[in-house]
Amino acid sequence: MITKRIIVKGVVQGVGFRPFVYNRAAGLGIMGTVANTTRCVEILAQGTEEAVAALERAVRETPPPQSRVESVESVTVENPPVFDGFTIEESRADDVRIVRISRDLALCPDCRRELFDPRDRRFFYPYINCTNCGPRFTIVRDIPYDRANTTMSSFPMCPECEREYSDPADRRFHAQPNACHVCGPHVSLCDRNGVTIVRGVDSSSVKDLIERTAAMLSGGAIIAVKGLGGFHIACRADDEKTVAALRWRKRREEKPLAVMVRDIESARRLVELGETEERRLLDVDAPIMLLPKKPGHGLAEAVAPRSSTLGLMLPYTPLQHLLFSRIDVPLVMTSANFSDEPIACRNDEALHRLSPICDYFLQGDRDIQTRADDSVVRLFRGGDYPIRRARGFTPSPVVMRTALKRPVLAVGAELKNTVCLAHGDSAFLSQHVGDLKDRETYRAFLDAIRHFLALLDVTPSLIAHDLHPQYLSTQFALDPPPDFEWAAAALKFPVQHHHAHIASCMAERGLRGPVIGVALDGTGLGTDGTVWGGEILVADRARFERRAHLGTVAMPGGDLAVREPWRMAAACLREACGNGWRDVLPPSLSGIPEQKLAVTAAQLESSLSLPVTSSCGRLFDAMSAISGVCLEARYEGQPAIEFEQAFAGNGSGDENGYRFSIEEKSDGIVIDWRGVVLSAAMDARKRTSSATISGKFHRGLADVLASTVSTVARKTGLKDVVLSGGCFMNMTLLEGLALRIEHNGLKPIVHERVPCNDGGLALGQAVVAAENVG
């Protein structure tokens, strides 16, 4: 007979780990205890040596499916007490907090069966859940993950729910959100004035509520529906008039909208699905997936105008499943906000902010502690390629191969902001926060920092931030608000934007470097004071050297050139042709008012105070305008997105690429695009299709980048090539460059767990700062 203390660390709370241990121990005849702490799950196992070894093996090799075991340590206990059974003890707090909170999980098959079973006491209960599904991160206030530390604390369980919660053999044993019609939260349907139409307090009234909501949606109503991490705005996705009304009210003119469908069979009618895509749609994190549209899909064109892809997801909450049991048309399910604001998550907040958009509100009594948008992914070579990391992903950490010497807070960038709290070997990225220029989004940024600090009970001694002094995230780091007293004493470390991009990918892929890093995006302040964005670096986690970059060009109008990409077209043509640039204007620019062209010409001729950029994103903007695809950006990245779509949906792929030239200078290689811009303008003047121009540009850009990377590789002997930055959301460019890099005998390395865009930047900032400060 032996007794061992087994310490299990990782995502082991809120995933049925203690019941799993209890049942395995009982089956093996083991006595002892299991408990949650703020560090781990702790097991005291007393039994034969073979039985205790079998339990430890089960913990390591066959844990609950939603857990993630990161380490198992066991020691023999000397002079142990004698146990007369196996029990689950009350959770306790330790001095150190390193426990992992589980992510939110989509409704499991068992709960779904009960939801629609008239004989089950949770028939049509919109908050049904168990240890295998339901909310976790979005309801937790503190750890250990117990009901008292969640937003379910105000709902005492009825005797039947308490019995399930206390029975180790029950699927709801210690399921913290456990509830039913009798004791749990309820849902209500109300109008935009907050007047309740129907409240669902039992299966009959919930059924009435669902049927009324479905009928309203079928009739063209726009309804706010509360989800796991916030509200969605829902409407029919197959009705042009309804979708147009939603866009007008939401002030979201052209950016594609996400769609939710009843089941995988419905999804097959709208998008191209293979086995891998189907498995990913059905996974427990239930992301929005970007997938190719099928011809004749039947959706309103206004859902995703001029796009060959569709953002699609399946129902993941009980309430969503109930809605789709009464409506069999695709629904727009877009974040409940005005453009650029954070998602609404409280009932009162939704009514206040969204009444100009929504006709009705489907609210719920269970509060959301932490707002979280839907995550967005696409697949690259069969694996995840994240676009937005939020619900279902957060707060799962990126586990690094080397532990940091001090805790670091990295505050990210201005756009697509996330923050990262890294300590030990784990980097915790927040959910997607958004664009910090909006006041409410900045408040959400502060809330995200507070919440992660509270959950992890860590006080960072180092804050990493971007070089750009005007980013609000940088201003937070350098001049923190009064309630962040610890931040005033923390060391500050600025990290160059594109180095952070490369370091982010290196950290998640376990690389220390040096590597060749290709960082392509729209904007990032360089060490020389200009705007970078078309960079080839040699980098490790601490330092980088700029080995090559795209040629520079002025940005007439500054940020206005981002919103009006024709200005970048004008600037690039002037760079290519000098003062005769107006003689080669493509037809697409002929409609620009003469006064605007004259002002732009004057700005370019004076070149005073104009920002200068090597940005690949701005080059895409120029090409998009020259080819006639997009002259005015209604949302971030629109010109480049639609320029890629022009080729992806229509290009033959037979034409040779445009030819860039390369110039070796004392400070590195300059990739000269001037001949490309002029050739594209001449093609446009010949009425060459935008698809052909786009195809030639994509191939030419991939060719020159691969060639330049190979040159750097020959000079350095490096083989690993990291691809990061927002331009690599362009799958045509990503695949084209990766293939060419492989053909040249090198290894392309891409993101798998965090976005290539600024949503992954904070991870790189944290790693670079920690490496430099120590």
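Owing to the predicted nature of the structure, the values given are computational and were not obtained by experimental measurement. (Residues numbered from 1 in each chain as written. Predicted model: local features only at pLDDT ≥ 70, side-chain atom pairs only at ≥ 80, totals over all residues. Heavy atoms only, no water.)

Chemist: When you look at the overall build of the chain in this model, what are you seeing that I'm missing?
Modeler: Tallying secondary structure elements over the chain gives 23 helices and 32 strands in all. Taken over C-alpha atoms, the radius of gyration comes to 28 Å for the chain, in line with the 28 Å a tight globule of 774 residues would show. Referenced to the eigenvectors of the C-alpha coordinate spread, the extents of the chain come out at roughly 90 × 60 × 50 Å. Counting all 774 residues of the chain, 61% fall into the buried class. Put simply, 72% of the contacts in the chain that link residues at least 6 apart link residues at least 24 apart. Taken as a whole, the chain presents about 28,800 Å² of accessible surface, with 48% of it coming from carbon and sulfur. Separation between the mean location of the 91 positive side-chain charges and that of the 96 negative ones in the chain comes to 2 Å. (Helix = DSSP H or I, 4+ residues; strand = E, 2+ residues; numbered from the N terminus. Rg over C-alpha atoms; globule rule 2.2 N^0.38 Å. Buried < 20%, exposed > 50% of the residue type's maximum accessible area, 1.4 Å probe, protein only. Contact = heavy atoms within 4.5 Å. Areas by Shrake-Rupley, 256 points an atom, 1.4 Å probe, with all protein chains shown as cover. Lys, Arg positive; Asp, Glu negative; His and termini not counted. Charge placed at Lys NZ, Arg CZ, Asp CG, Glu CD.)

Chemist: I'm lost on helix α4 (residues 159-166) in this one. Help?
Modeler: Helical periodicity: at 3.6 residues per turn, an α-helix aligns residues three or four positions apart in one direction. Residues of α4 that are buried: Cys161, Glu164 and Tyr165. Seen from one end, α4 has its buried residues packed into an arc of 100 degrees, which puts them on one side. (Arc of directions from axis to C-beta.)

Chemist: Explain the sheet that holds strand β24 (residues 515-520) here, please?
Modeler: The pairing of strands in a sheet comes from backbone hydrogen bonds and takes either a parallel or an antiparallel form. Here seven strands make up an open sheet; going across it, the order is β29-β30-β26-β25-β24-β31-β32 and the pairing mixed. Only two strands of the sheet have a single partner each, and these edge strands are β29 (661-665) and β32 (747-749). Strand-to-strand twist of the sheet, defined as the mean angle between neighbouring strand axes without regard to direction, takes the value 25 degrees. Pairing geometry for β24 and strand β31 (residues 720-724), over four bridges, is parallel. Across the sheet, Ile516 pairs through a bridge with Val721, a residue of β31. (Pairing = 2+ DSSP bridges. Axes fitted to C-alpha atoms, helices over the stretch in contact; angles between N-to-C directions.)

Chemist: Whenever I open this one, the sheet that holds strand β20 (residues 420-423) confuses me. Can you help?
Modeler: The strand order across the open sheet built from six strands is β18-β21-β20-β19-β22-β23, with neighbouring strands paired in mixed fashion. Two strands close off the open sheet at either side, each with one partner strand: β18 (398-399) and β23 (491-495). Across three bridges, strand β19 (residues 408-410) lies against β20 in antiparallel orientation. Residue pairing in the sheet places Ala410 in a bridge with Cys420 of β20.

Chemist: Please explain the pairing of strand β14 (residues 331-335) as it appears in this structure.
Modeler: Regular strands show a simple pattern: their side chains alternate between the two faces of the sheet. Across the five residues that make up β14, a large majority, five, are buried. Alignment of strand β10 (residues 231-236) against β14, held across five bridges, turns out to be antiparallel. Counterpart to His232 in the pairing with β14 is Ser335. As paired strands, strand β11 (residues 259-260) and β14 are joined by two bridges and run antiparallel to one another. Among the inter-strand pairings, Met260 is bridged to a residue of β14, identified as Leu331.

Chemist: Explanation requested: the nonpolar core in the structure shown.
Modeler: Side chains of a nonpolar character, in soluble globular proteins, are inclined to be buried together. With 147 residues, the main nonpolar core has Phe445, Phe697 and Phe728 as its most contacted residues. Of all the elements, helix α11 (residues 439-456) adds the most residues to this core, at 10 residues. Leave out the neighbours within four places in its chain, and Phe697 touches Leu619, Phe620, Met623, Phe643, Tyr658, Phe660 and Val676. Ala267, Val303, Leu354 and Cys358 belong to the second-largest nonpolar core, a separate cluster that totals 39 residues. (Core = buried A, V, L, I, M, F, W, Y, C linked by side-chain atoms within 4.5 Å.)

Chemist: I'm lost on the state of the cysteines in this one. Help?
Modeler: Covalent bonding between the sulfur atoms of two cysteines defines a disulfide. Enumeration over the complete set of coordinates arrives at zero disulfides. For Cys130, which is in no disulfide, the shortest distance to another cysteine sulfur is to Cys108 and amounts to 3.6 Å. Judged by relative accessible area, which is 0%, Cys130 ranks as buried. Left without a disulfide partner, Cys180 is nearest to the cysteine sulfur of Cys161, which lies 3.6 Å away. For Cys180, a relative accessible area of 1% gives the class buried. (Disulfide = S-S within 2.5 Å.)

Chemist: Can you walk me through the layout of surface pockets in this structure?
Modeler: Over the atoms, a rolled probe matching the size of one water molecule traces out where space is still vacant. In this structure, the second largest pocket occupies an estimated 490 Å³ of space. If you trace the second largest pocket, you find 23 residues lining it, with Leu107, Cys108, Pro109, Leu282 and His321 closest to the centre. (1 Å grid on protein atoms, 1.4 Å probe; cavity = no way out; pocket = protein on both sides within 12 Å on 5 of 7 lines; lining within 4 Å. Points joined across faces, edges and corners; volume = space filled by probe spheres on them.)

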